[in-house]
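Notes for the structure review
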Amino acid sequence: MAEQKRVVVLGAGFAGMFAAKHLRRLAPADVEIELINEVNYFIFQPLLPEVAAGNINASDAVSPLRFLLPGVKVRLATVRSVLFRQNRVQVTDDTNRTLTYVPYDHLVLAPGQMADLSKFPGLAEHAFTMKTLADAYRLRNQVINCLEQGDVTEDSDLKRRLLTFVVVGAGFSGVETVGEMKDLIARSLKFYPRIAASEIRMILVEYAERILPELPEELARYAARKLAARGIETWLKTALKSASVSAVELADGRIVETKTVVATIGTAPGPLVRVLGLDMQWGRIKVDGTFRVPGHANVWALGDAALVPLPRKADAPEKFAAPTAQFAVREAFTLARNVVAALSGGPLAQFDYKPKGSLASIGCHRAVAVLFGVRLSGSIAWLIWRIFYLAMLPGFVTKVRVLMNWLLDHFFPRNTVQIHVPSRDTARYLRFRKGDQVFKPGHLADGFYTVMSGSFEAIIGAGTPAPYHEILGPGDHFGERVLFGDDLRTGEVAALEDSMVLFVERDDFRRIAAGFKVLDDYFRDYIVRHFPEHLLPGQLRGQANAKKDRA
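Residues numbered from 1 in each chain as written. Predicted model: local features only at pLDDT ≥ 70, side-chain atom pairs only at ≥ 80, totals over all residues. Heavy atoms only, no water.

Here we take up the packing of aromatic side chains. Aromatic rings considered in pairs are described by the distance between their centres and by the relative angle of their planes. Inspection of the entire model under this criterion finds 24 aromatic pairs. Ring geometry for F439 versus F478: centroids 6.1 Å apart, planes at 50°, classification tilted. Of the two residues, F439 is situated in strand β28 (residues 437-439) and F478 in strand β32 (residues 477-478); the sequence distance between them amounts to 39 residues. Taking relative accessible area as the criterion, F478 reaches 5% and is therefore assigned buried. With a centroid separation of 5.1 Å and 70° between ring planes, the pair formed by Y522 and F523 is classed as edge-to-face. When its relative accessible area of 37% is taken as the criterion, Y522 is described as partly exposed. Ring pairing ties together the aromatic residues F14, F18, F42, F44, W385, F388, Y389 and W406, which thus form one cluster. Positioned above the aromatic ring of W235 is the side chain of R254, whose terminal nitrogen or guanidinium carbon lies 4.2 Å from the ring centre. Geometry around F439 places R489 over its ring, the cationic atom sitting 4.2 Å from the centre. (Phe/Tyr/Trp six-rings, centres within 6.5 Å; stacked < 30°, edge-to-face > 60°. Helix = DSSP H or I, 4+ residues; strand = E, 2+ residues; numbered from the N terminus. Buried < 20%, exposed > 50% of the residue type's maximum accessible area, 1.4 Å probe, protein only. Lys NZ or Arg CZ within 6 Å of the ring centre and 35° of its normal.)

Quick look at unusual backbone geometry now. The phi dihedral of W282 is positive, around 55°, even though this residue is not glycine. Positionally, W282 belongs in the loop between β19 (280-281) and β20 (284-286). The phi dihedral of C364 is positive, around 55°, even though this residue is not glycine. You can see C364 is positioned in the loop between β24 (357-363) and β25 (366-371).

This paragraph deals with the side chain of E206. Looking at where E206 falls in the secondary structure, it is placed in the loop between β12 (201-205) and α8 (217-229). An unpaired buried charge is present at E206: no salt bridge exists, and R210, the closest side chain of opposite charge, is 9.5 Å distant. When near neighbours in sequence (up to four residues on either side) are disregarded, E206 contacts G169, A170, G171, W235, L236, K237 and T238. (Lys, Arg positive; Asp, Glu negative; His and termini not counted. Salt bridge = Lys/Arg side-chain N within 4 Å of Asp/Glu carboxyl O. Contact = heavy atoms within 4.5 Å.)

As a further point, take the packing of helix α5 (residues 133-152) against helix α7 (residues 172-188). Put simply, α5 and α7 touch, their axes get as near as 11 Å, and they point 40° apart. Accordingly, the angle class assigned to the pair α5 and α7 is oblique. In this structure, the crossing between α5 and α7 has a hand that is right-handed. Listed contacts from α7 to L139, V143 and L147 of α5 are T177, M181, L184, I185 and S188. The residue inventory of the contact of α5 with α7, partitioned by class, reads six nonpolar, two polar and no charged. (Axes fitted to C-alpha atoms, helices over the stretch in contact; angles between N-to-C directions. Parallel < 35°, antiparallel > 145°, perpendicular 65-115°, else oblique. Left-handed = near helix turned anticlockwise from the far one by under 90°. Nonpolar A, V, L, I, M, F, W, Y, C, P; charged D, E, K, R; others polar.)

Moving on to a nonpolar patch on the surface. Together, F67, F396, V397, V400, L403, M404 and L407 make up an exposed nonpolar region whose accessible area comes to about 660 Å². For the nonpolar patch, the element with the most residues is helix α12 (residues 396-411), which contributes six residues. By secondary structure assignment, the location of L403 is in helix α12. (Patch = residues over 30% accessible without salt bridge, like charges linked within 9 Å, V, L, I, M, F, W, Y side chains within 5 Å. Areas by Shrake-Rupley, 256 points an atom, 1.4 Å probe, with all protein chains shown as cover.)

With that settled, consider the sheet that holds strand β27 (residues 427-432). Strand pairing within a sheet occurs via backbone hydrogen bonds; the two strands may be parallel or antiparallel. Strand order in the open sheet made by the four strands is β27-β34-β29-β32, with antiparallel pairing throughout. Every other strand in the sheet has two partners, leaving β27 and β32 as the edge strands with one partner each. As defined by bridge partners, strand β29 (residues 447-453) adjoins strand β34 (residues 499-505) across six bridges and the pair is classed as antiparallel. Looking at β34, one finds that F448 is bridged to V504. Here helix α13 (residues 506-515) sits on the sheet in contact with β29 and β34, set at roughly 70° to β34. (Pairing = 2+ DSSP bridges.)

On to the pairing of strand β7 (residues 88-92), then. Within β7, four of the five residues are buried, which leaves the element mostly enclosed by the surrounding structure. Judged from the five bridges that link them, strand β6 (residues 78-83) and β7 form a sheet pairing that is antiparallel. Paired with V79 across the bridge in β7 is V91. Counted between consecutive antiparallel strands, the loop separating β6 from β7 contains four residues, among which N87 sits at a positive phi close to 55°. Bridge count between β7 and strand β8 (residues 100-103): four bridges; the pairing is antiparallel. The residue of β8 that forms the bridge with Q90 is Y101.

Scanning the model with the defined rule gives 26 salt bridges in all. Of the charged contacts, one joins R6 and E34 as a salt bridge, the two residues approaching to 2.4 Å between their closest N and O atoms. Within this pair, whereas R6 is found in strand β1 (residues 6-10), its partner E34 is found in strand β2 (residues 32-37), the two being separated by 28 residues in sequence. Neither residue differs from the other here; R6 and E34 are each classed as buried. Three or more residues are tied together by salt bridges with common partners; here these are R6, E32, E34, K73 and R75.

If you want it as structure tokens, here you go:
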């Protein structure tokens, strides 16, 4: 009996989710389709500004992957790397910290892109982004908190900062976000009697000469006029310089004091794409017109992470598929057909698609759109915009819920309840019972441990000629060795009795150690003194050898 074929899809955005859906529909029943993603839901990103504005419920902008993809195996995990020569994907999950290897016959890369604000000092630390459901939650809570604090503060300077909102980037996402934020604030002010509408300041900052560069200039001018009529300032040909806890600084020297800055600019390949070693251009994976990655007959890529060429006419410049949901959905269908054809040895199709149009909501029941070459604006465009997005939503139940949210929002006031999602403390106490294993070789290094009570046994290099063995009690610490080297544990630690530790997350430990030189020096010196040379991380072996030479 022939071995079952497996197609593995990485990522569950528009490209990955629809690719898995079409693959399951088109592939023979004996072909296994597996989708790997960090969360168990598909998020309809165009609706994030409405989630942030409280226009629709957050749960209605997402759909469970297992519901959307019957017949597809869904694995909740983080992809660490791809071993192309072995046809395996290396993954980890939050519960089982060991590495797992997922085999494939064909691999589909659809990881999307991430926000990259590193070009502007302070922006990554202080700006809100609009990429995930959590981003929308955070922005909604921030806007409501600014209204709450602005209503009660007696500090006029603080009130001005609280009621000034800056959105950087005037593409689709920026314009829709600023429009929805304005709607939320305008419809909520009646609950905040000490805030006058004139005290609200909203600024849309754009580096280019106009907003909405994806649309014809006529529609962009219409959108700009409507935004201005609603009191939204649009600053064109204005570059951002930096951001801080209380202000944004512009390249022309202007400083805008604010507590809320939203960045809809800057994208970059995610950490997975950066370690794959594939040919890249403009931050995207190069593929041919069939979505195949050059040099890999069984590896495909699509969506925002891929640079997909479009058919070109003689002497015409080369064009590529736009990183939009509309293109991603169509790419997914063609890719699925090609993967199925490759499984059976059939011919592959070249991707060719002309978008149906573009739409952007500007708030207050207004939108701009180009559909099949026809330019529309105003309430009609807004109605078409809603119908278009409703049609794109996956799943009948999701469509009904979103439609009901829209109808209710039309007749009732916005909900101004802050929905705080408590975050897990990065420094917290953990209790282990006697015999509990803290970690073992091969586990992903999760953090640093300090023993508060009880005792632990640590063994590194068990079975080797020179293993390390130690009993750790109150005041001792462990777990720091690999945090200065590889991410995988090479030793094991178990509780000898009921014990308590103070645990610090890996990334926070690294940040504190890197920013506090005395602490960094202590741990480096401790590791070099405490462990045999053959157990030292590579970067610390040179330090140990230098000490020997000085001695």
